Amino acid sequence: MLAHSVQRGGRHPIGYGRGLTPIDYKWKALWPSLLSTIIGALIVLSGLLLFVLEIASLGLLGKIGITPSLYGCAVGIWAGLFIMAAGVLILMIAYMKSVRLWALIAFCATVAATIFAIIDFSIVAARVADLRSVGAFDSIFTDLKSVAGLNGAQLAFGLVAFLLCLAFIGLYVHIYMKIRKYR
């Protein structure tokens, strides 16, 4: 009676409890962990910068007294959170047993982050165009010039986050197609 292992009821947590299939071993062997880790770290960094730049921009807008809906929508906060979450999931792939499953989860999160990055740099591009049209970049008032500069930086990092998300999506599709070719 004591020689038998204790059996638990229910299902095992995701990625644990059973051996890997041959496809899982192919995924683990072909997955470029270093490249995905670099992409994931850069995605987390760009998402964090979007988050911080949006908070700084909103703080300066409150100081100046500008509160139109285009400026006060806090799109960088939401986009930054989703982009950082996708980056963290990409970073987790290197430490997981089932690379195929976690790469798929990170792929889905990165698609959502890409959508948020598109929304972010679209709204921020409208902000920058509006600030350009009123001459905020050439203003003598430092607070208005700072708001314009923060939005310009946020636009740049939003574009970087978008391109990094596309790079991970391309990496996932490349590995997926390589695996399908070997079947």
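Taking an unreviewed UniProt entry as the reference, the chain is identified by name as MARVEL domain-containing protein belonging to Adineta ricciae.

(A) Spotlight on the overall build of the chain. When helices and strands are tallied, the chain shows five helices and zero strands. When the helices and strands of the chain are placed in sequence order, the string is α-α-α-α-α. Here the chain, with 183 residues, has 36% of them falling under the buried criterion. Long-range pairs, those at least 24 residues apart, make up 81% of the contacts in the chain with a sequence separation of at least 6. By element, 71% of the accessible surface of the chain is carried by carbon and sulfur atoms, the whole surface being about 10400 Å².

(B) Representation of the packing of helix H2 (residues 33-64) against helix H5 (residues 142-182) in the model. One way to put it is that H2 packs onto H5 with a least axis distance of 8 Å and a crossing angle of 155 degrees. By the angle between their directions, the pair H2 and H5 is classed as roughly antiparallel. Handedness of the crossing formed by H2 with H5: left-handed. Considering only residue class, the contact of H2 with H5 consists of 22 nonpolar, seven polar and three charged.

(C) Molecular detail of H2. Its 32 residues place the ends of H2 46 Å apart at the C-alpha level, agreeing with the 46 Å of an ideal helix rising 1.5 Å per residue. Listing the buried residues of H2 in full gives Ser36, Ile39, Gly40, Ile43, Ser46, Gly47, Leu50, Leu53, Glu54, Ser57, Leu60 and Leu61.

(D) Layout of the UniProt feature "transmembrane region" (unreviewed entry) in the chain. Sites flagged by UniProt as "transmembrane region" (unreviewed entry) map to residues 34-57, 69-94, 101-125 and 155-177. The straight-line gap between the two end C-alpha atoms of residues 34-57 is 34 Å; of that span, 100% is helix and 0% is strand.

(E) Region of interest: the confidence of the model for the chain. Mean pLDDT over the chain stands at 84; residues scoring 70 or higher make up 85%. At the level of individual helices and strands, the chain shows its lowest average pLDDT in helix H1 (residues 22-30), which scores 85, and its highest in helix H3 (residues 75-92), which scores 94.

(F) Region of interest: helix H4 (residues 99-133). Taking 1.5 Å per residue, 35 residues should reach 51 Å; H4 reaches 49 Å between its end C-alpha atoms and fits that length. Gly135 lies just past H4 and shows a positive phi near 80 degrees.

(G) View of the packing of aromatic side chains. Under the definition given, this model contains seven aromatic pairs. Between Phe82 and Phe116 the ring centres are 4.1 Å apart and the planes differ by 10 degrees, which places this aromatic pair in the stacked class. One end of the pair, Phe82, is in helix H3; the other, Phe116, is in helix H4, with 34 residues separating them in the sequence. Take Phe116: its relative accessible area is 25%, and that puts it in the partly exposed class. Taken together, a centroid distance of 5.4 Å and an interplanar angle of 65 degrees make the contact between Phe121 and Phe162 edge-to-face. Here Phe162 lies in helix H5 and Phe121 lies in helix H4, a separation of 41 residues in the sequence. On the accessibility criterion, Phe121 (19% relative accessible area) is buried. Taken together through their ring pairs, the aromatic side chains of Trp27, Trp31, Phe107, Phe168, Tyr172 and Tyr176 make up a single cluster.

The rules behind the values
- Residues numbered from 1 in each chain as written.
- Predicted model: local features only at pLDDT ≥ 70, side-chain atom pairs only at ≥ 80, totals over all residues.
- Heavy atoms only, no water.
- Helix = DSSP H or I, 4+ residues; strand = E, 2+ residues; numbered from the N terminus.
- Buried < 20%, exposed > 50% of the residue type's maximum accessible area, 1.4 Å probe, protein only.
- Contact = heavy atoms within 4.5 Å.
- Areas by Shrake-Rupley, 256 points an atom, 1.4 Å probe, with all protein chains shown as cover.
- Axes fitted to C-alpha atoms, helices over the stretch in contact; angles between N-to-C directions.
- Parallel < 35°, antiparallel > 145°, perpendicular 65-115°, else oblique.
- Left-handed = near helix turned anticlockwise from the far one by under 90°.
- Nonpolar A, V, L, I, M, F, W, Y, C, P; charged D, E, K, R; others polar.
- Expected span 1.5 Å × (residues − 1).
- UniProt positions renumbered as here; feature names shortened; annotations may be inferred.
- pLDDT = per-residue confidence, 0-100.
- Phe/Tyr/Trp six-rings, centres within 6.5 Å; stacked < 30°, edge-to-face > 60°.

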